Amino acid sequence: MIKKAVAILYKKEPSELIKFIFFYIIRRNPHQAKSFSHLKYFLKEKIGFEIGGPSAVFMKNGIFPVYQIADRIDNCNFRSKTIWEGNIKDGQTFFFNLKKAPGRQFFSEATDLDVIESDSYDFILSSHVLEHCANPILALSEWTRLLKENGLLIIFLPRKDHTFDHRRPITTMEHLISDFITNIREDDLTHMPEILALHDLELDHAAGDFDSFKSRSLQNFENRCFHHHVFDTELIAKLVDYMHLQIIALEIIPPIHLLIVAKKISKELIDNSIYTFK
Ligand SMILES: C[S@@+](CC[C@H](N)C(=O)[O-])C[C@H]1O[C@@H](n2cnc3c(N)ncnc32)[C@H](O)[C@@H]1O
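Let me sum up the structure you'll find in this document. Per-chain numbering applies: the sequence of each chain, read as written, is numbered from 1 onward. In keeping with the predicted nature of the model, local features appear solely for residues at pLDDT of at least 70, side-chain atom pairs appear and are counted solely at 80 or more, and the whole-chain, interface and lining totals rest on all residues. Calculated side-chain values reflect all of the structure's heavy atoms, with hydrogen atoms and water omitted.

We call a residue near a given molecule or strand whenever any one of its heavy atoms falls within 4 Å of it. Around the ligand there are 17 residues in total, and Gly52, Ser55, Asn77, Glu85 and Ser127 lie nearest to it. N or O atoms within 3.5 Å of each other form a polar contact, as long as, within protein, one can give a hydrogen and the other can take it, and as long as residues adjacent in sequence are counted only when both atoms are side-chain atoms. Within the contact set of the ligand, a nitrogen atom lies 2.6 Å away from a backbone nitrogen or oxygen of Gly52. In the environment of the ligand, a nitrogen atom lies 3.2 Å from a nitrogen or oxygen atom belonging to the side chain of Arg224. Residue-level accessible areas treat just the shown protein chains as cover; the underlying method is Shrake-Rupley with a 1.4 Å probe. Contact with the protein chains covers 89% of the free accessible surface of the ligand, which is 580 Å². Residue polarity is assigned by list, with Asp, Glu, Lys and Arg as charged and Ala, Val, Leu, Ile, Met, Phe, Trp, Tyr, Cys and Pro as nonpolar; anything else, Gly included, falls into the polar class. When the residues that make up the shell around the ligand are grouped by side-chain class, the tally is 5 nonpolar, 8 polar and 4 charged.

Have a look at this one:
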C-alpha cells in the first residue's frame, strides 16, 4: 500500500489520488459488500449461527467480514468429515476469530436443526451451501426458525455463469415449492441426469474424469457435492419473499458471488416488490 501511495504521489495524478484515498483509506477493503458498511452496526457484538462454515467471505478482509465483529458464532455441518473442511470435532471448536472464544460446533442437517431452540440467534450465515441442499424451502424454514425477531439471514450463492453450472438452467420457484411439498430429502438424485449431462468438468478439476464424477455423484448423500439447484438473483429474491422475510440487500459480487440479506419481521410489514417485480 505504501509503495502504491508513493507511486501515485510521484505521478501527481489527482484522479488516482482520490481513488486511492477512497479505496485504501476510507473503505479499506475494496472488495467488501456494499451492504456490510451499514449492516456492521447491527452485527457488532451479536451472536450468530453458520451453516457449513468457516467461509472466506466472512473472514477479515473478506467480502462480508462479520467474523471480526461478532461476539460468538456457532456452526453446523452434516458430518464430522467433509470434502471442504476435513475432520471436524463437536463442542467448542468453531474458530471464527482467534481473539474470541470459539463457537459451538454441531453436527446436523441444514434442514433439521432441532437440537437448537427457536429464536436463538441474531443472525444466520451461509456461504455456498443452499445450492447443496435438496430442499431449500425446508432449509430456509429451519434457518428462519433459529433467528430472533429482527434477526438477519445472510446468504452467499454462486453465480452460475462463473461456475461449472454455466450450462444448467436456473431452477424455477415452482420446482422448489414442489420439492418442499413432496418432502424431498438429502438422498434425492433426481437432478443427477441433468448434472451429468451439463456439469462442466473443465471447471471442476477436483471432480476428476467423467467416471469418477459419476461415482461421486451416486454417493452424493455421503459427500454433498451436488448443486441440486441453480440460482440467480431473481430466484433467490422470490424464495426469500416466499419465506416471508424482508429483503434488505441483494448484490452481485463479481466474479462468483450472489449475496442476499433478509430480515425476520412480522409478515404484514413485508414489502419485497422492488426486488421481486410483483
Ligand atoms: C461448498 S462448501 C462451502 C464451504 C464454506 N461455507 C465456504 O464458503 O467456503 C459447502 C458446505 O456446506 C456443507 N453442507 C452441504 N450440505 C449440507 C447439509 N445438508 N447440511 C449441513 N451442511 C451441509 C458442506 O459440508 C460444506 O461445509
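It is worth spelling out the environment of Ser120 at this point. Inspection of the secondary structure assignment puts Ser120 in the loop between β6 (103–107) and β7 (121–127). With a relative accessible area of 26%, Ser120 lands in the partly exposed category. In this structure, the C-alpha to C-alpha distance between Ser120 and Gly48, residues 72 residues apart in sequence, is 8.6 Å. The contact rule is simple, with two residues in contact once any of their heavy atoms fall within 4.5 Å. If we skip the residues at most four places from it in the chain, Ser120 touches Leu146 and Lys148. Each helix is a run of DSSP H or I of at least 4 residues and each strand a run of E of at least 2, with the numbering of both proceeding from the N terminus. A simple rule labels every residue: compare its accessible area, found with a 1.4 Å probe on the protein chains alone, to the largest value its type can have, and call it buried under 20%, exposed over 50%, or partly exposed in between.

Before going further, it helps to spend a moment on a nonpolar patch on the surface. What goes into a patch is any residue over 30% in relative accessible area without a salt bridge, connected to like charges within 9 Å or, for nonpolar side chains (Val, Leu, Ile, Met, Phe, Trp, Tyr), within 5 Å. Salt-bridge detection follows one rule: a side-chain nitrogen of Lys or Arg within 4 Å of a carboxyl oxygen of Asp or Glu. Together, Phe180, Ile181 and Tyr242 make up an exposed nonpolar region whose accessible area comes to about 300 Å². You can see Phe180 is positioned in helix α5 (residues 173–181). Exposure remark for Phe180: the relative accessible area of 33% places this residue in the partly exposed category.

Regarding helix α3 (residues 36–43), the residues found buried are Phe36, Leu39 and Leu43. Down the axis of α3, the buried side of the element spans an arc of 70°, and every buried residue falls inside it. Those residues of α3 that are buried lie in contact with β7, β8 (147–158), β9 (246–253) and β10 (257–263). Throughout, the arc means that of the directions going from the helix axis to the C-beta atoms.

This part takes up the nonpolar core. Side-chain atoms within 4.5 Å link the members of a nonpolar core, which is a set of buried Ala, Val, Leu, Ile, Met, Phe, Trp, Tyr and Cys residues. In terms of nonpolar packing, the biggest core is built from 35 residues, with Phe49, Ile124, Leu130, Trp143 and Leu239 touching the most fellow members. Residue assignment for this core shows that the elements contributing at least two residues are β1 (47–51), β7, α4 (136–146), β8, α5, α9 (233–242) and β10. Each residue touching Leu130, except ones within four places of it in the same chain, is listed here: Pro136, Ala139, Leu140, Trp143, Leu157, Phe231, Ile236 and Leu239. Ala33, Leu39, Tyr67 and Ile154 belong to the second-largest nonpolar core, a separate cluster that totals 24 residues.

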